[in-house]
Amino acid sequence: MTIKLLAGFAAFAAVALAACGTGTARSAAPCGADDPGVAALDAHLSALEPYGFGGVVVVRRDGCDLLSKAFGVADADTGRRNTTETAFAVGSITKFYTATAILKLRDRGLIDLDASARDYFDAIPEDKAGVTVRRLLTHRSGLPSDYWDRHAELDEDGYVAMMLARDPDAAPGEQFSYSNFGFHVLKRIVEEVSGEGYERFVRAELLADLGLTNTGLDLPEWTGHDLAFYQDPTAAVWAKRGVDVVNGLNRPIYLRPEGSGGFYATAEDLAVFAEAVFHGEVVDGGFEAYAPREGEGAYGFGLEFRDSPLGLKIGHGGYDDSIGVTARFGFFPATDTTYVILSNTHFSGALTSSSLDWMGYAALSGEELASPPIVEAGAAVAPEVAGVYRGEGGLTITVEARDGELHATASDIFSAAAQMFPGLWSDDARAPDPRATALMAAIAADDRDAFFDLVASGARTDRYFSRVKEGWAMLTGNLGASSGFSQLHTRAYVYDGGREIWWIVGSNHAHGRMPLRVIKDEDGGLYVDVLNVEDVLDQKLTPVGPDRFATWNPHLAAAVEYGFDPEAGVLELANPGGPSIILKRD
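Residues numbered from 1 in each chain as written. Predicted model: local features only at pLDDT ≥ 70, side-chain atom pairs only at ≥ 80, totals over all residues. Heavy atoms only, no water.

Caption draft 1: Geometry of the overall build of the chain. Each helix and strand in the chain was counted, giving 14 helices and 23 strands. Each of the 586 residues in the chain was classed as buried or not, and the buried ones make up 56%. The long-range share in the chain, meaning contacts at least 24 apart out of those at least 6 apart in sequence, stands at 63%. Accessible surface, the chain: about 22300 Å² in total, of which carbon and sulfur atoms supply 50%. (Helix = DSSP H or I, 4+ residues; strand = E, 2+ residues; numbered from the N terminus. Buried < 20%, exposed > 50% of the residue type's maximum accessible area, 1.4 Å probe, protein only. Contact = heavy atoms within 4.5 Å. Areas by Shrake-Rupley, 256 points an atom, 1.4 Å probe, with all protein chains shown as cover.)

Given below as structure tokens:
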């Protein structure tokens, strides 16, 4: 179904909204109709809860809630549980609010989308006059992507000046190149044109008329609000640096990047906002105002446009693997259905915004969702399982009892690979790819040509290649020459239906240490990008029966099951593709 075929949809949807609610179109009352897809999504998320999932899901259709439900804890220290009123960080979904603010100013005749962004923000230098507002909105500005949190010594103006002085990734309009900084520039344009602070403009001009008070960044009324705290173990890495990333309101400003990320919202607020925008109630044109133009790929104005089993799907995700933020919303015009899933943990990186997206549209379109092993009633954590276990080839896994839970960690990247996906790894996967070694050597030698030669064949899309450029700029521009590398761990991952192998390595530089991902795909493509903090693999072992435990990888929809023989002190990792992996306790 094309965008043009959907013309006139907003008017139809408005009638449906008026007919459904019992007082206003913002009614959160259930619509009352059974929906097998919604029931399947509810059942799937419920099955994930014993494995550590925490979050909230909302599904709306025709202006009414088909599902609104919370899972897991908001604060692990106090046991406070998530509720449907809990606000979560939404990460890059913030870009949707930023784009809508720009369109609101366009509707008032204050911004021309095809004018130079320099007309509205004079800090942009003359040599970047070709950067238009539209190109910023569609990630075709050529401005590099970076995060303020990597430059904590700079105030906002200093950060903006530094980024605008950098060489562009490409000429304006030449290619798609995802730029978080580009949306930070859009945030500054909103402020310059409106004369108001960015967040105040969003809340007053986009949210107030919809009655949405549980969306924002750090206005005073947020003090004491029911916020989700983030549970992923990488938060401990930040804590060692004296930075609290668990409670978002305690984070320093450079960890709350306005414009490209940083907003909090309840799932209900986000669902109602998206629904209203796409029905044409916030800016002129509804979702068609955001649609990508010819040559701009599938991204338009803070939204992704994709085909799905339910037809056109519009939405965006938010993800921050440094603390556990995982968020996704989607809208299906053909059925007037909106879904939002927000989470405050991500299973040590396995739960991504893409996996939430898959859960949402797969369930709603009637696809079968694989579920983890059932947790038997009364199954209890057995602290006697704790210990260090070793197997052939130096595989080493440590099991610890912490706060009434069992957690498994690995001593090296190959042990982590076996621990996570024993059925996916062949013998030769244990040996580093020679090109990965060459890639590290190119970085160490500051050999840009060799670096790009190694990764160019894997540049499947402009967006893919832009991540390589970002990685190179981070390595050479800020940290100085590399003095060596240390391996952290390995991961399996799915990208557009294809499987990848990630080697997580630590790159030691003159001015600090930077964790990297070196990624190899099934076609042999290779690239590298930069992680915010060390990626910590810390799997929760959930009891699924007597002396039986399981972990769940929601991104691959696969379980790893452990069996424990208390008499022999043996831990057995079930391998669906071959013999089990046997490890003996020290």
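Caption draft 2: The environment of Glu376, seen in detail. Here Glu376 lies in the loop between α10 (353–364) and β12 (387–390). Under the relative-accessibility criterion, Glu376 is labelled partly exposed at 41%. Non-local contacts of Glu376, meaning those with residues more than four positions away in its chain, are made with Val544, Gly545 and Pro546.

Caption draft 3: Molecular detail of the packing of helix α3 (residues 94–107) against helix α6 (residues 180–194). At a closest axis distance of 10 Å, the pairing of α3 and α6 adopts a crossing angle of 40 degrees. With respect to the hand of their crossing, α3 and α6 are arranged in left-handed fashion. On the side of α3, the interface is formed by Lys95, Thr98, Ala99, Ala101, Ile102 and Leu105, while α6 contributes Asn180, Phe183, Leu186, Lys187, Ile189, Val190, Val193 and Ser194. Looking at the contact of α3 with α6, its residues break down into 9 nonpolar, 3 polar and 2 charged. (Axes fitted to C-alpha atoms, helices over the stretch in contact; angles between N-to-C directions. Left-handed = near helix turned anticlockwise from the far one by under 90°. Nonpolar A, V, L, I, M, F, W, Y, C, P; charged D, E, K, R; others polar.)

Caption draft 4: Here's a closer look at the sheet that holds strand β5 (residues 87–89). Taking strand neighbours across the sheet as the criterion, the 3 strands line up as β5-β7-β6 in an open arrangement whose pairing is antiparallel. Looking at the sheet topology across the chains shown, the edges are occupied by β5 and β6 (215–216). Across 2 bridges, β6 lies against strand β7 (residues 264–266) in antiparallel orientation. Bridged to Gly216 within β7 is Tyr264. Against the sheet, helix α9 (residues 267–278) engages β6 and β7, with an angle of about 90 degrees to β7. (Pairing = 2+ DSSP bridges.)

Caption draft 5: A look at the nonpolar core. Tyr97, Ile189, Phe273, Phe278 and Tyr290 are the most contacted members of the largest nonpolar core, which has 80 residues in total. The element best represented in this core is α9, accounting for 9 residues. In terms of nonpolar packing, the next biggest core, distinct from the first, is built from 26 residues, Leu48, Phe347, Leu364 and Trp552 among them. (Core = buried A, V, L, I, M, F, W, Y, C linked by side-chain atoms within 4.5 Å.)

Caption draft 6: Expanded view of helix α2 (residues 36–48). The first and last C-alpha atoms of α2 sit 18 Å apart over 13 residues, in line with the 18 Å expected at 1.5 Å per residue. For α2, every residue scored as buried is listed here: Gly37, Val38, Leu41, Asp42, His44, Leu45, Ala47 and Leu48. Check the buried side of α2 and you find it contacts β1 (55–61), β2 (64–71), β11 (337–343), α10 and β20 (548–553). The backbone nitrogen of Gly37 has a side-chain oxygen 2.8 Å away, supplied by the residue at the start of α2, namely Asp35. (Expected span 1.5 Å × (residues − 1). Polar contact = N/O pair within 3.5 Å; in protein donor to acceptor, adjacent residues only side chain to side chain.)

Caption draft 7: Seen up close, the pattern of salt bridges. Under the defined criterion, the tally for this structure stands at 24 salt bridges. The closest approach of N and O atoms between Arg108 and Glu205, which form a salt bridge, is 2.5 Å. With Arg108 in the loop between α3 and α4 (133–137) and Glu205 in helix α7 (residues 198–207), this pair connects stretches of sequence that are 97 residues apart. Residue class for Arg108 comes out partly exposed when judged on its relative accessible area of 43%. Assessed through its relative accessible area of 24%, Glu205 is described here as partly exposed. (Salt bridge = Lys/Arg side-chain N within 4 Å of Asp/Glu carboxyl O.)

Caption draft 8: Broad picture of a negative patch on the surface. A contiguous patch of negative charge, built from Glu384, Asp547, Asp565 and Glu567, is present on the exposed surface. Inspection of the secondary structure puts Glu384 in the loop between α10 and β12. (Patch = residues over 30% accessible without salt bridge, like charges linked within 9 Å, V, L, I, M, F, W, Y side chains within 5 Å. Lys, Arg positive; Asp, Glu negative; His and termini not counted. Charge placed at Lys NZ, Arg CZ, Asp CG, Glu CD.)

Caption draft 9: Broad picture of the pairing of β1. Counting buried residues along β1, 6 of its 7 residues qualify, which places the element largely inside the surrounding structure. One ladder, built from 7 bridges, connects β1 with β2; its direction is antiparallel. Bridging across to β2, Arg61 finds its partner in Cys64. Hairpin connection from β1 to β2: 2 residues lie between these consecutive antiparallel strands, with Asp62 at a positive phi of about 55 degrees. By the bridge criterion, 7 bridges tie β1 to β11 in an arrangement that is antiparallel. When the bridges of β11 are listed, Gly55 appears paired with Ser343.

Caption draft 10: Representation of the sheet that holds strand β13 (residues 396–402) in the model. Ordered in space as β12-β13-β14-β19-β20-β21-β22-β23, the 8 strands form a closed barrel in which the pairing is antiparallel. If you compare each strand with its neighbour and ignore which way they point, the axes differ by 30 degrees on average. With 2 bridges joining them, β12 and strand β23 (residues 581–585) adopt antiparallel strand pairing. Bridging from a neighbouring strand, Arg390 pairs with Lys584 of β23.

Caption draft 11: View of the side chain of His139. Within the secondary structure, His139 sits in the loop between α4 and α5 (156–165). By relative accessible area, which is 1% here, His139 ends up buried. Among the polar contacts listed, one links the side chain of His139 to the side chain of Tyr299, at a separation of 3.3 Å. In contact with His139, not counting residues within four places along its chain, are Lys95, Gln175, Phe176, Ser177, Tyr178, Ser179, Phe183 and Tyr299.

Caption draft 12: Representation of unusual backbone geometry. Positive phi is not limited to glycine here, since Asp62 has a value of about 55 degrees. Examined against the element boundaries, Asp62 turns out to sit in the loop between β1 and β2. The class for Asp62 is partly exposed, based on a relative accessible area of 28%. The backbone phi angle of Phe301 is positive, close to 60 degrees, even though this residue is not glycine. Following the sequence through the fold, Phe301 ends up in the loop between α9 and β8 (304–308). Of the residues examined, Phe301 reaches a relative accessible area of 1% and is grouped as buried.

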